[in-house]
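A look at the structure
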Amino acid sequence: FNNLKSKISEELSINSDKVEIEEYLNLRFEGTDTAMMIKKMKLNNENFDFVEAFKNKYKREFGFLLSGERAILIDDIRVRAIFKSNTLKRLEIKANAGITTPSGYSITYFEQTGRIKTPFFMLSELGYGAKIEGPALILEKTFTIVVEPNCTALITKEGDIELLIGEQEKNKVGIELNSIQLSVFSHRFMSIAEQMGRTLQRTSISTNIKERLDFSCALFGPDGGLVANAPHLPIHLGAMQEAVRWQINHLNGLNTQIFQIDNVEAPIGSGWYEGEVVLSNHPVAGGSHLPDMTVITPVFATDSNGKKNCFFLQNLHSKIK
């Protein structure tokens, strides 16, 4: 860091009191390709711990830490110099004169009211202190701001627009057939499965996963039925649903098939619990072939009728020795 800071001082040749120096380390776990840029924070009478900051950021980003004494590598060191200037100041606009009158009216659709006659205002004609009650439109050459019903727009001294959101009655999501809700939630579920795959790829050590992309991720409902599968390897998807359903029945004591592991009967569980993760590759339990490792993680959601399970599933293809 000191060598880089010396070069910055020589090249900029400006007073040090006007320059703020920021120090960064680009860190990653050994064997992974995902590096994270960690900025050195200024602490009072304490030395900054880059390793601890990296682990906290990694866990916040991916939800876990790689186990064992895995080394943390430094990909690169960076120093950034920020020149501070006090010459730029925000200008205040003139105060609003009298009552704010609309520039015109337009027919606008709102979910709460349908199509109604809506006033619109030109931003350039609004002064400090102007207050616009919704529904209304605020127009400028390059944008339009919609002030919803039961909301208020205030013009600040610097000409910014502050929106105050009022209380509104929201439509409850029910089980009734609704094409819009169906589209919204199908895309949300698909996004979950896609993000699972992206996280798996970024945190993986195996070449099969991070380079060959030999994995699949999907989301299943309480009964083990497929809800959404990401566009990964489709060959896995035929077995994933059966694997989830088999484990549901197995952990609830509904399966009559009990297989042997080293001449010891595998115990039948009494159900799923928070934080459990099931790993399986058994052909009887919906597995396609032995190298396919199926990871099933339940997520519990509480509704008016009690707890229900949703299953996030990752199907990994890896070499087993």
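All residue numbers here refer to positions counted from 1 along the written sequence of the relevant chain. Local features in a predicted model are, by the rule used here, given only for residues with pLDDT of at least 70; side-chain atom pairs are given and counted only at 80 or more, and totals for whole chains, interfaces and linings are based on all residues. The side-chain figures draw on all heavy atoms in the structure; neither hydrogens nor water molecules are used.

We now examine the packing of aromatic side chains. Pairing of aromatic side chains here covers Phe, Tyr and the six-membered ring of Trp, requires ring centres within 6.5 Å, and sorts the geometry by plane angle: under 30 degrees stacked, over 60 edge-to-face, intermediate tilted. Enumeration according to the criterion identifies 7 aromatic pairs in this entry. Relative to F64, the ring of Y58 has its centre 6.1 Å away and its plane inclined at 80 degrees; by these criteria the two rings are edge-to-face. Of the aromatic side chains, those joined through ring pairs into one cluster are F29, F54, Y58, F62 and F64. The ring centre of F185 lies 5.5 Å from the NZ or CZ of R188, which sits over that ring. We count a charge as sitting over a ring when the NZ of a lysine or the CZ of an arginine lies within 6 Å of the ring centre and within 35 degrees of the ring normal.

The next point concerns the sheet that holds strand 7 (residues 136-139). A pair of strands is labelled paired if DSSP reports no fewer than 2 bridges between them. Helical segments are the DSSP runs of H or I of at least four residues, strand segments are the runs of E of at least two, and each set is numbered from the N terminus. Pairing is mixed across the open sheet formed by 4 strands, whose spatial order is 4-5-7-8. Looking along the sheet, the strands with just one partner apiece sit at the ends: strand 4 (104-110) and strand 8 (144-147). Across the sheet, the mean angle separating the axes of adjacent strands is 35 degrees when strand polarity is ignored. With 4 bridges connecting them, strand 7 and strand 8 associate as antiparallel partners. Lines are fitted to the C-alpha atoms to define the axes, a helix being fitted only along its stretch in contact, and any angle between axes, read from their N-to-C directions, falls within 0 to 180 degrees.

We now examine helix 3 (residues 179-203). Taking 1.5 Å as the rise per residue, helix 3 with 25 residues should run 36 Å; its terminal C-alpha atoms sit 36 Å apart, in good agreement. Relative accessibility decides the category of a residue: with a 1.4 Å probe and only protein chains considered, values under 20% of the type maximum give buried, values over 50% give exposed, and everything between is partly exposed. Within the span of helix 3, buried status applies to A193, M196, G197, L200 and T203. Multiplying one less than the number of residues by 1.5 Å gives the expected span of a helix.

Okay, the pattern of salt bridges next. Salt bridges, as used here, are contacts in which a Lys or Arg side-chain nitrogen is within 4 Å of a carboxyl oxygen on Asp or Glu. Under the criterion given, the structure shown has 9 salt bridges. With its nearest N and O atoms 2.6 Å apart, the salt bridge here joins E22 to R80. On the criterion of sequence distance, the pair formed by E22 in strand 1 (residues 19-29) and R80 in strand 3 (residues 72-83) is long-range, its members being 58 residues apart. Classification of R80 as partly exposed rests on a relative accessible area of 44%. Ionic pairing is found between D75 and R28, a salt bridge with its closest N-O pair at 2.8 Å. One end of the pair, D75, is in strand 3; the other, R28, is in strand 1, with 47 residues separating them in the sequence. The class of R28 is buried, set by a relative accessible area of 19%. Among the charged side chains, a salt-bridge network with shared partners connects E22, K39 and R80.

Across the sheet, 3 strands lie side by side as 6-9-10; this open sheet has antiparallel pairing. For this open sheet the edge positions go to strand 6 (131-133) and strand 10 (161-165), each flanked by a neighbour on one side alone. Direction aside, neighbouring strands of the sheet carry axes that sit 20 degrees apart on average. Relative to strand 10, strand 9 (residues 151-155) runs antiparallel, the two being bridged by 5 bridges. When the sheet's bridge partners are listed, A153 is paired in strand 10 with L163.

It is worth spelling out the pairing of strand 7 at this point. Look at any regular strand and the pattern is simple: side chains alternate between the two faces of the sheet. Because side chains alternate across strand 7, one face comprises the buried residues A136 and I138, and the other comprises L137 and L139, equally buried. As defined by bridge partners, strand 5 (residues 114-122) adjoins strand 7 across 3 bridges and the pair is classed as parallel. Residue pairing for strand 7: M122 is matched across the bridge by L139. The hairpin turn running from strand 7 into strand 8, its antiparallel successor, is 4 residues long.

The subject of this paragraph is unusual backbone geometry. Geometrically, the link from G134 to P135 is a cis peptide bond, its omega value of 5 degrees lying close to zero. Mapped onto the elements, P135 comes out in the loop between strand 6 and strand 7. For N150, which is not a glycine, the phi torsion comes out positive at approximately 70 degrees. Within the secondary structure, N150 is located in the loop between strand 8 and strand 9. Backbone geometry places L213, a non-glycine residue, at a positive phi of 55 degrees. Secondary-structure assignment places L213 in the loop between helix 4 (207-210) and strand 11 (215-220).

This paragraph deals with the confidence of the model for the chain. Summarising the model, the chain shows a mean pLDDT of 80, and 81% of its residues fall at 70 or more. Low pLDDT (under 50) marks residues 256-269, which in the prediction has 20 contacts with non-local residues, meaning those over four places away or in another chain. A score from 0 to 100, pLDDT tells how confident the predictor is in each residue. By definition, residues are in contact when any of their heavy atoms lie within 4.5 Å.

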